[in-house]
Amino acid sequence: MSKLAIRISSDIHNIMVVEKFIEAFSERFKVPEKLNARISLSVIEAVNNAILAGNKMQADKNVDLEAELCGDVLKVTVRDEGDGFDYTNIPDPTLPDNLGKSTGRGLYLMKSLSDELIFSNKGTSVTLIYKLG
């Protein structure tokens, strides 16, 4: 088992730091190139949600990222310092009634691009699971 971790402040400009972190763990864990776009897009979306919705862009709050390789499974966990949310009731943004809504697409994207999405700690932590094999 191998891990890499970083902590960023809740500044949207730190997405560049997250992109470098994704490159670093992808290279270290030898992530297949065909998965790079899926992983990058879904992890960046998770960090955006943590900064904007979780920490409400409060610069004194942090977002922690951890990438862990367990055999041929990559786990990327994103944690914020917010109050959490009801992750059991996420409306499907592809349904006609939800097409005009401005929220919900990020979680749908994260769920679609990862092999599994696990929320914990009242929704302040999300783990994206990717099967590399």
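Scroll up to find the structure this text is about.
Here's a quick rundown of the structure.

Thresholds applied
Residues numbered from 1 in each chain as written. Predicted model: local features only at pLDDT ≥ 70, side-chain atom pairs only at ≥ 80, totals over all residues. Heavy atoms only, no water. Helix = DSSP H or I, 4+ residues; strand = E, 2+ residues; numbered from the N terminus. Buried < 20%, exposed > 50% of the residue type's maximum accessible area, 1.4 Å probe, protein only. Pairing = 2+ DSSP bridges. Axes fitted to C-alpha atoms, helices over the stretch in contact; angles between N-to-C directions.

Inspection of the secondary structure assignment puts Ile 90 in the loop between β3 (73-79) and α3 (105-113). Among the residues examined, Ile 90 registers a relative accessible area of 33% and is labelled partly exposed. Measuring from C-alpha to C-alpha, the distance between Ile 90 and Lys 131 comes to 24 Å, with 41 residues separating the pair along the chain.

Spatial ordering of the open sheet is given by β1-β2-β3-β5-β4, a layout of five strands whose pairing is antiparallel. Only two strands of the sheet have a single partner each, and these edge strands are β1 (2-9) and β4 (116-120). Strand-to-strand twist of the sheet, defined as the mean angle between neighbouring strand axes without regard to direction, takes the value 15°. Strand direction decides the pairing type here: β1 and strand β2 (residues 62-70), joined by eight bridges, are antiparallel.

Now for the pairing of strand β5 (residues 125-131). Across a regular strand the side chains alternate sides, sitting on one face of the sheet and then on the other. A large share of β5 lies buried, amounting to six of its seven residues. In terms of strand pairing, β3 meets β5 through seven bridges, oriented antiparallel. By the bridge assignment, Leu 74 is partnered in β5 with Tyr 130. Where β4 lies against β5, five bridges are found, and the strand directions are antiparallel. Within the sheet, the bridge partner assigned to Phe 119 lies in β5 and is Val 126. Adjacent in sequence and paired antiparallel, β4 and β5 are bridged by four residues, among which Asn 121 carries a positive phi angle near 50°.

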